[in-house]
Amino acid sequence: MIFILISAGLFLYTQNLSQEVEQQSEVIAEQQTTIQRLESEVERKEELLTILEAREVDLVMMAGMEDMSPNGYGKVVWDKEGGRALLQIANLPSVPSDKDYQLWIIVNGQPISAGVFAVNDPQKDNFFKIEQLQTSADEGAFAITMEPKGGMPQPTGDMYLLGNM
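The rules behind each value
- Residues numbered from 1 in each chain as written.
- Predicted model: local features only at pLDDT ≥ 70, side-chain atom pairs only at ≥ 80, totals over all residues.
- Heavy atoms only, no water.
- Phe/Tyr/Trp six-rings, centres within 6.5 Å; stacked < 30°, edge-to-face > 60°.
- Helix = DSSP H or I, 4+ residues; strand = E, 2+ residues; numbered from the N terminus.
- Buried < 20%, exposed > 50% of the residue type's maximum accessible area, 1.4 Å probe, protein only.
- Contact = heavy atoms within 4.5 Å.
- Polar contact = N/O pair within 3.5 Å; in protein donor to acceptor, adjacent residues only side chain to side chain.
- Pairing = 2+ DSSP bridges.
- Axes fitted to C-alpha atoms, helices over the stretch in contact; angles between N-to-C directions.
- Salt bridge = Lys/Arg side-chain N within 4 Å of Asp/Glu carboxyl O.

### Some remarks on the packing of aromatic side chains
For step 1, the next point in the chain: Within this structure, the stated rule accounts for four aromatic pairs.
For step 2, the next point in the chain: Ring centres of Trp78 and Phe142 lie 5.5 Å apart, and the angle between their planes is 90°; on these two criteria the pair is classed as edge-to-face. Placement of Trp78 in strand S2 (residues 73-79) and of Phe142 in strand S7 (residues 141-148) is noted, with a sequence separation of 64 residues between them. The two residues Trp78 and Phe142 agree in class, both being buried.
For step 3, the next point in the chain: These aromatic residues form a ring-pair network of at least three members: Tyr101, Phe117, Phe128 and Tyr160.

What follows is the structure in structure tokens.
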């Protein structure tokens, strides 16, 4: 009889321990996901700081277009020597799943793609690293249009932001 009671007690204790181990495993998995998210956020911010720390950078302010995003605005911090830029945007609408925003540098009236990006969460998606600015233009403009997913070789969509150098 005592053996049966001890066995039942050990069985219940083992069940409780198993449940606790399972709960702890779930907590560990959640924490690992959080750590990975934070590590990628730190890495992204370090990349952005690298651009800001460049010896010489140009700042181009972009204003929202009246029809598409009257409250939108943006800034391009451009490291011409490194061919990189930091794009900050605000108050742009989220893009549909089949679209992207595309940044253009317009030199001598010719638009050159400087990359595509999506705004899925306007509160969080507001800084983008641009690595395709291999030009030393001193005159021209930056523009943002909404294009089909992946971008286009030439602008086809509505313009949301524009800023002159």
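### Quick word on the environment of Asn91
For step 1, the next point in the chain: Take Asn91: it is sitting in the loop between strand S3 (84-90) and strand S4 (99-107).
For step 2, the next point in the chain: Beyond its immediate chain neighbours, meaning those up to four positions away, Asn91 contacts Ser69, Asn71, Gly72 and Tyr73.
For step 3, the next point in the chain: A distance of 2.9 Å separates a polar side-chain atom of Asn91 from the backbone oxygen of Asn71.

### Here's the deal with the side chain of Asp100
For step 1, the next point in the chain: Inspection of the secondary structure assignment puts Asp100 in strand S4.
For step 2, the next point in the chain: According to the relative accessible area criterion, Asp100 is buried, its value standing at 7%.
For step 3, the next point in the chain: The residues touching Asp100, leaving out its near neighbours within four places in the chain, are Val95, Val116, Phe117, Ala118, Thr145, Met146, Glu147, Pro148, Lys149 and Gly150.

### A word on the sheet that holds S2
For step 1, the next point in the chain: Read from one edge to the other, the open sheet built from eight strands follows the order S5-S4-S7-S8-S1-S2-S3-S6, with strand pairing classed as antiparallel. If you trace the sheet from one side to the other, it starts and ends with strand S5 (110-117) and strand S6 (127-130), each paired once. Averaged over all pairs of adjacent strands, the angle between their axes in this sheet comes to 25°, without regard to strand direction.
For step 2, the next point in the chain: Note: S2 against S3, seven bridges, orientation antiparallel.

### Some remarks on the pairing of S2
For a regular strand, side chains alternate in direction, first toward one face of the sheet and then toward the other.
For step 1, the next point in the chain: Counting buried residues in S2 gives five out of seven residues, a clear majority hidden from the surface.
For step 2, the next point in the chain: Taken together, the six bridges between strand S1 (residues 58-64) and S2 define a ladder with antiparallel strand orientation. Each residue of the ladder has a partner; that of Asp58, found in S2, is Trp78.
For step 3, the next point in the chain: Linking S2 back to S3 in an antiparallel pair, the connection comprises four residues, with Gly83 at a positive phi of about 70°.

### Details of the pattern of salt bridges
For step 1, the next point in the chain: Under the defined criterion, the tally for this structure stands at one salt bridge.
For step 2, the next point in the chain: We note a salt bridge from Lys149 to Asp100, for which the minimum N-O separation is 3.4 Å. Of this pair, Lys149 sits in the loop between S7 and strand S8 (159-164) while Asp100 sits in strand S4, placing them 49 residues apart in sequence.

### Overview of the environment of Asp138
For step 1, the next point in the chain: Structurally, Asp138 is set in the loop between S6 and S7.
For step 2, the next point in the chain: Judged by relative accessible area, Asp138 falls into the exposed class, the value being 59%.
For step 3, the next point in the chain: For the pair Asp138 and Met165, spaced 27 residues apart in the sequence, the C-alpha separation amounts to 6.8 Å.
For step 4, the next point in the chain: Dropping the residues within four chain positions of it, Asp138 is found in contact with Lys80 and Met165.

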